[in-house]
Amino acid sequence: MTHVEDELNTQPECWTRVAAEAAQHADALPAQGERVAFVGCGTSYFMAQAAAALRERAGQGETDAFAASEFPHRRAYDRVVALTRSGTTTEVLGLLGALRGHTRTTAITADPDTPVMAAANDVVVLDFADEKSVVQTRFATTALTLLRARLGLHTEAAVADARTALEEPLPEGLVGSDQFTFLGRGWTVGLANEAALKMREAALAWSEAYPAMEYRHGPISVTTRGTATWMLGEAPQGLAAQVRETGGVWVARGLDPLAELVRAQRLAVAVAAARGLDPDRPRHLTRSVVLDSNDR
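Not measured: the values here are computed from a predicted model.

(A) Summary view of the overall build of the chain. Along the backbone of the chain there are 10 helices and 9 strands. A compact globule built from 296 residues would reach a C-alpha radius of gyration of about 19 Å, and the chain, at 19 Å, matches this within 12%. C-alpha atoms of the chain, sized along the principal axes, occupy 55 × 40 × 40 Å. Sorting the 296 residues of the chain into buried and exposed places 55% on the buried side. At a minimum sequence separation of 6, the contacts of the chain that also span at least 24 residues come to 71%. Total accessible area on the chain stands at roughly 12700 Å², and carbon and sulfur atoms take up 47% of it. Computed over 29 positive and 37 negative side-chain charges, the inter-centroid distance for the chain is 2 Å.

Below you can see the structure in the form of structure tokens.
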């Protein structure tokens, strides 16, 4: 079993643990009414998108999400929350340094022995969700579960759905698809972006992601036999039928959207295996992007 397989299989236990510990991190996480920005890079950026949409929809306050390298420094925030598994990502550390002294910052990380511990005002360490794999799975979903739990949006039903996502066979024929599209709405747009990234990272697969209502505005034109469209969350009325009319495969199991992401992680590993690839050694990628001054 690869590292990524082993790690993605532990997600139900990680979610249960982090939800039980959420209250003890209350002071480090955004308070109701704060104006907040979530930031990250790669997978962490997509989790930031999901977290921001969840928080604002919950009525907790205006909340944005940015890639750390694209943070708008002229905007004022009460708190910036950085998601960083490694605690060493150049763009995240640079942003936290730039914000020091005038904006309160929180880092959610997996490694307590990294520079981010001193770079942020508050730190939440999820070391039990750390990973050996380059390809992120359990840290990302565990960090998002922490934030869902803090908003009162996590339930044990999500954990049960994650177990189902790990146990059920993948839809027949899906591994042989030529192209994959993931769709989301609201907070699940970030999950769709992450599912597509997993397919690219682990399996070198042609994969895309869109807000579900945008799919009709052009992207559906490439849908045909041999392609798969996967909905994370509730689908817009009529979209499933439209996709099926193209000859493409429509995938929508109806599990908790975060559990659907677990299924997509499994798919990425399965497609990698079918293509003779090692998902623990993704092409051109490292566990953390650490840049020198010439590359920034």
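We are not done yet, so read on.
(B) View of the nonpolar core. Counting residues in each nonpolar core, the largest one holds 64 residues, and the members touching the most others are Ile 108, Leu 126, Leu 144, Phe 180, Phe 182 and Leu 191. Apart from residues no more than four positions distant in its own chain, Leu 191 is found in contact with Met 47, Ala 50, Leu 144, Leu 232, Pro 257, Leu 258 and Leu 261. One finds Val 39, Tyr 77, Ala 107 and Ala 120 within the second-largest nonpolar core, a separate group that totals 16 residues.

(C) The arrangement of the packing of aromatic side chains in detail. Counting across every chain of the model gives 6 aromatic pairs. Ring centres of Phe 182 and Trp 230 lie 5.7 Å apart, and the angle between their planes is 35 degrees; on these two criteria the pair is classed as tilted. Of this pair, Phe 182 sits in strand β6 (residues 179-184) while Trp 230 is found in strand β8 (residues 227-232), placing the two residues 48 residues apart along the sequence. Trp 230 sits in the buried class, given a relative accessible area of 2%. Ring geometry for Tyr 210 and Tyr 215: centres 6.2 Å apart, planes at 40 degrees, overall tilted.

(D) Geometry of the pattern of salt bridges. Enumeration according to the criterion identifies 14 salt bridges in this entry. Between Asp 122 and Arg 104 there is a salt bridge, with the nearest N and O atoms lying 2.9 Å from each other. Residue Asp 122 is located in strand β5 (residues 122-125), and its partner Arg 104 is located in strand β4 (residues 104-109); the two are separated by 18 residues in the primary sequence. Overall, the relative accessible area of 14% leaves Asp 122 in the buried class. As a salt-bridge pair, Lys 198 and Glu 194 come within 2.3 Å of each other at their nearest N and O atoms. Highlighted residues: Lys 198 and Glu 194, both in helix α8 (residues 188-203), separated by 4 residues, approximately one helical turn. In this structure Lys 198 comes out as buried when scored by relative accessible area, which is 1%.

Thresholds, definitions, all that
Residues numbered from 1 in each chain as written. Predicted model: local features only at pLDDT ≥ 70, side-chain atom pairs only at ≥ 80, totals over all residues. Heavy atoms only, no water. Helix = DSSP H or I, 4+ residues; strand = E, 2+ residues; numbered from the N terminus. Rg over C-alpha atoms; globule rule 2.2 N^0.38 Å. Buried < 20%, exposed > 50% of the residue type's maximum accessible area, 1.4 Å probe, protein only. Contact = heavy atoms within 4.5 Å. Areas by Shrake-Rupley, 256 points an atom, 1.4 Å probe, with all protein chains shown as cover. Lys, Arg positive; Asp, Glu negative; His and termini not counted. Charge placed at Lys NZ, Arg CZ, Asp CG, Glu CD. Core = buried A, V, L, I, M, F, W, Y, C linked by side-chain atoms within 4.5 Å. Phe/Tyr/Trp six-rings, centres within 6.5 Å; stacked < 30°, edge-to-face > 60°. Salt bridge = Lys/Arg side-chain N within 4 Å of Asp/Glu carboxyl O.

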